[in-house]
Amino acid sequence: MQNYILRLYDVRNKLYAYLLDEPKLFKEILNHVTFATASSGESPFTPKAHLIRYWNKAVQNDAEKPSFLLSKASPLSAVDSAAFAQLAAQNALSTRLQEFCSSANLLCFPDVGQSLENHDGDTNFTAYSTKNFTNYGTARWAGVDSFKNYSVGDTSQVDSFRRYSRDSVNHTDDFNSYGPEANLVDQSFNSYATGAIAGTGEFKNYADSVNVPNLRFNSYSDDSTGRAHAFTAYSENANAGDQSFTSYSKHGNGAPNEFTGYGTDANSVGSGFTGYSEAVNGADDKFNNYGNDQNNPQNKFKSYGDSGNAAVETFTSYRDSANVGDDSFQSYAKNSEGEKVNFINYGKSFEVGSDKFTGYGKGARRESVGFKIYGVNNSFSDYAKNESITFKGYTKLSGSLVKRRVEPGKFFRESMLKKGIVMPMPNIQDKMPKRSFLPQFISSKLPFATSKIYELKRIFQAPDNSTMEKIMLDALEECERAPSAGETKRCVASAEDMIDFATSVLGTNVVVRTTDNVNGSSHEVLIGSVKGINGGNVTKSVSCHQSLFPYLLYYCHSVPKVRVYEADLLDPTSKAKINHGVAICHLDTSAWSPTHGAFVALGSGPGRIEVCHWIFQNDMTWAVADR
């Protein structure tokens, strides 16, 4: 009987594949099928229905189907599935990209056309998002433009300001609560306040807690006179991404600029300042609390303060308590005259990274340079040979000042998984934008390789050097990375591909698990009842972790020599159950790096201890079913 059923599945799959290649015939059949399935529920031709049948065929046990995995199936209707499959086969998906992304629940940046809106007088923008301001506020006289609650919490947010406040006189621009808590922010300010006279531009709470930002300020406040700019709480708590300031306040005259709380607590964010305060006259620039508490920052300053006259440049509390990273200052205060440059508390880090100063103060005259509590670990190269330029209060720090920070509870020992233990729970919340898998018959028709990046950029309409291009390249490079010793890995673009990989490693008698919810995140939890999978014996598992890509993509890899546990998580005060967690304990850590966060948090080193961690939201682990 079972062989007969399997043969029927094979016939059905072949018919299904044929119909997808014949969309006109498929649509005619669907018109008839709709009447037959209207009373019974979902059409059997939807991607979710197909996934359920695929699971039934591939997994040979009576365990309950994983609802969290089925929920990630493509939401495309049967008709749309056929239509988009045909477009993918014809390499024509880009012709209907926005419709495809919306229907399939993908990550795509919206089309943002030029905004030719006219705003007379003072304007208060509230709850405003995804706009391209073109020639806005040019030659505006006095008045105030205010942006509040701009692009709050949007996903794949794209904003562009071109020729904004150009040649304005005594005009005030106030950006308050701009783009906070958004995913994949892509914002560009081009020709901002160029040639403006007097007035102010202030950014408060700009891009706070965003994920993978791409922020660009080009030609910012160039040729302005007496116009002050202030950034307060700029891109704090940001995760990954890049920020760049190009040609900032060039040829400015008496234009003070101040950054307060820039990039605080950001994680792996790259910042580039190029042509900053070049050829300014009488400027007063301050960076207060720049990059403090960052993790692995990548900061580059090029051509900073070159050819300035009688200007004052001050860095206060720069990179304080940062963790490693890579900082570079090139061509600083070159050919300047009468400038005063101060660094106070520079680079006092948790773990010293890489810092380099080249071409510093070269050709400068009557320069005053001061360093206090300077923690760089590299020497100066091509430093000005001028007796009037001296270091004051220079303190070179080497080595780690304190132990590198690791979020409490991110890693723990196996002995902690005992009933009655109270332990910290890390933040296991998924911060990536919500997406769905593509149906296998569509994903298999799309290119997936770094060598095919130009085709992918055309399909998903990603310009050169765009956020989307970087997202795709990063994922592809990780997928193409050679496996570690003993590792078997595969990137999967559909639930069917994931099932195939897991069963190829573990066999067909498998169960997939994940932590139920995010309750208890960033708080202490009380461990309730604990169950060891497969009797708590050493086993093999397949772990799958999300990757950022236009459609849902997982990086799956086999993990040998582990123990997998399920545990009830309770509120320590009320003792009420708040979550059901899944944890994996790696018993062989001999191939791990000595600087791995687990050893920083727990002590010891590679191969000397086991390391456990929770399965985060939307990640999962596969194991052989309990017998």
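Owing to the predicted nature of the structure, the values given are computational and were not obtained by experimental measurement. (Residues numbered from 1 in each chain as written. Predicted model: local features only at pLDDT ≥ 70, side-chain atom pairs only at ≥ 80, totals over all residues. Heavy atoms only, no water.)

Q: Which parts of the structure should I look at to understand the overall build of the chain?
A: When helices and strands are counted, the chain shows eleven helices and 29 strands. When each of the 627 residues of the chain is scored for burial, the buried share is 51%. Of the contacts made within the chain by residues no fewer than 6 positions apart, 74% connect residues no fewer than 24 positions apart. Approximately 26,700 Å² of the chain is accessible, and the part contributed by carbon and sulfur atoms is 49%. (Helix = DSSP H or I, 4+ residues; strand = E, 2+ residues; numbered from the N terminus. Buried < 20%, exposed > 50% of the residue type's maximum accessible area, 1.4 Å probe, protein only. Contact = heavy atoms within 4.5 Å. Areas by Shrake-Rupley, 256 points an atom, 1.4 Å probe, with all protein chains shown as cover.)

Q: For this particular structure, what's the right way to read empty space enclosed by the protein?
A: The rolling of a water-molecule-sized probe over the atoms marks out the regions of remaining empty space. According to the stated counting rule, one finds one cavity of 30 Å³ or more in the structure shown. Considered as a void within the structure, the largest cavity measures approximately 60 Å³ in volume. Taken together, Pro-47, Leu-51, Ala-73, Ser-74, Phe-437, Leu-438, Pro-439, Ser-494, Ala-495 and Glu-496 form the lining of the largest cavity. Among the secondary structure elements, those contributing two or more residues to the lining of the largest cavity are helix 3 (47–58) and helix 10 (495–506). (1 Å grid on protein atoms, 1.4 Å probe; cavity = no way out; pocket = protein on both sides within 12 Å on 5 of 7 lines; lining within 4 Å. Points joined across faces, edges and corners; volume = space filled by probe spheres on them.)

Q: What am I meant to see in the side chain of Glu-487 here?
A: Position of Glu-487 among the secondary structure elements: in the loop between helix 9 (467–480) and strand 22 (489–492). Within polar-contact distance, the side chain of Glu-487 engages the backbone nitrogen of Ser-484 at 2.8 Å. A polar contact of 2.9 Å, which involves the side chain of Glu-487, links it to the side chain of Tyr-555. In this structure, Glu-487 is in contact with Arg-481, Tyr-555, His-557 and Ser-558, ignoring residues within four places of it in sequence. (Polar contact = N/O pair within 3.5 Å; in protein donor to acceptor, adjacent residues only side chain to side chain.)

Q: Explain the confidence of the model for the chain here, please?
A: Low pLDDT means the predicted atomic positions in that stretch should not be read closely. Across the chain, pLDDT averages 77, with 63% of residues at or above 70. Ranking the helices and strands of the chain by mean pLDDT puts strand 24 (residues 524–532) first, with 97, and helix 2 (residues 23–37) last, with 45. Low pLDDT (under 50) marks residues 27–40, which in the prediction has twelve contacts with non-local residues, meaning those over four places away or in another chain. Considering only residues more than four positions removed or in separate chains, one finds that residues 391–403, a stretch of pLDDT under 50, has 36 contacts. (pLDDT = per-residue confidence, 0-100.)

Q: Explain the pairing of strand 23 (residues 510–513) here, please?
A: Successive residues of a regular strand alternate their side chains across the two faces of the sheet. Along strand 23, one buried face is formed by Val-510 and Val-512 and the opposite face, lined by Val-511 and Arg-513, is buried too. The sheet contact formed by strand 23 and strand 29 (residues 620–624) spans four bridges and is antiparallel. Pairing of Val-510 across the sheet is with Val-624, part of strand 29. (Pairing = 2+ DSSP bridges.)

Q: Is there a simple way to explain the packing of aromatic side chains in this structure?
A: Given two aromatic rings, their pairing is described by the distance between the two centres and the angle made by the two planes. Evaluated as defined, the whole model comprises seven aromatic pairs. Centre to centre, the rings of Phe-84 and Phe-100 are 5.0 Å apart; their planes meet at 55°, and the pair counts as tilted. Here Phe-84 is found in helix 5 (residues 78–89), whereas its partner Phe-100 is found in helix 6 (residues 97–104), with 16 residues between them in sequence. The class for Phe-84 is buried, based on a relative accessible area of 0%. Relative accessible area serves as the criterion here: at 0%, Phe-100 is assigned to the buried category. Taken together, a centroid distance of 5.8 Å and an interplanar angle of 40° make the contact between Phe-437 and Tyr-554 tilted. (Phe/Tyr/Trp six-rings, centres within 6.5 Å; stacked < 30°, edge-to-face > 60°.)

Q: Would you take a moment to explain the state of the cysteines for this structure?
A: Cysteine pairs can be linked by a disulfide, which is a covalent bond between their two sulfur atoms. Counted under the stated rule, the structure contains four disulfides. In this model, Cys-101 is linked to Cys-108 through a disulfide, with the two sulfur atoms separated by 1.9 Å. The S-S bond linking Cys-101 to Cys-108 shows a torsion near -60°; that makes this disulfide left-handed. Taking the relative accessible area as the measure of exposure, Cys-101 reaches 5% and is therefore buried. The disulfide partner of Cys-585 is Cys-612, and the S-S distance across this bridge is 2.1 Å. (Disulfide = S-S within 2.5 Å.)

Q: Can you walk me through helix 5 in this structure?
A: Because an α-helix packs 3.6 residues into every turn, residues spaced three or four apart end up facing the same way. Here helix 5 is twelve residues long and its end C-alpha atoms lie 17 Å apart, about the 16 Å a rise of 1.5 Å per residue gives. Residues Ala-78, Ser-81, Ala-82, Ala-83, Phe-84, Ala-85, Leu-87 and Ala-88 constitute the buried set of helix 5. With its phi angle positive at about 60°, Asn-91 sits one or two positions after the end of helix 5. (Expected span 1.5 Å × (residues − 1).)

Q: Would you mind going over unusual backbone geometry with me for this structure?
A: Across residues other than glycine, the phi torsion is negative in most instances, and most of the peptide bonds are trans. Here the phi dihedral of Asn-105 falls at roughly 60°; this positive angle occurs in a residue that is not glycine. As for its placement among the helices and strands, Asn-105 is situated in the loop between helix 6 and strand 1 (123–128). Judged by its relative accessible area of 31%, Asn-105 falls in the partly exposed class. For Ala-198, which is not a glycine, the phi torsion comes out positive at approximately 60°. Position of Ala-198 relative to the elements: it lies in the loop between strand 6 (186–192) and strand 7 (200–206). For Ala-198, a relative accessible area of 25% translates into the label partly exposed.

Q: Would you explain the side chain of Ser-94 in this entry?
A: Within the fold, Ser-94 resides in the loop between helix 5 and helix 6. Among the polar contacts listed, one links the side chain of Ser-94 to the side chain of Arg-458, at a separation of 3.4 Å. Contact partners of Ser-94, with chain neighbours within four places excluded, come to Arg-458, Ile-459 and Gln-461.

Q: Looking at this model, I keep getting lost on the pattern of salt bridges. Mind explaining?
A: Opposite charge on two side chains lets them pair, provided their charged atoms get close. Summed over all chains, the structure comprises 13 salt bridges. Salt-bridge contacts for Arg-96 lead to Glu-99; the nearest nitrogen and oxygen are separated by 2.7 Å. Arg-96 gets classed as partly exposed once you look at its relative accessible area, which sits at 29%. Residue classification places Glu-99 among the partly exposed positions, given a relative accessible area of 38%. Close ionic contact of Glu-566 with Arg-513 constitutes a salt bridge, the shortest N to O distance being 3.3 Å. Linking Glu-566 in strand 26 (residues 553–570) with Arg-513 in strand 23, this pair joins segments that are 53 residues apart in sequence. Salt bridges sharing common partners tie together Lys-457, Asp-464 and Glu-469. (Salt bridge = Lys/Arg side-chain N within 4 Å of Asp/Glu carboxyl O.)

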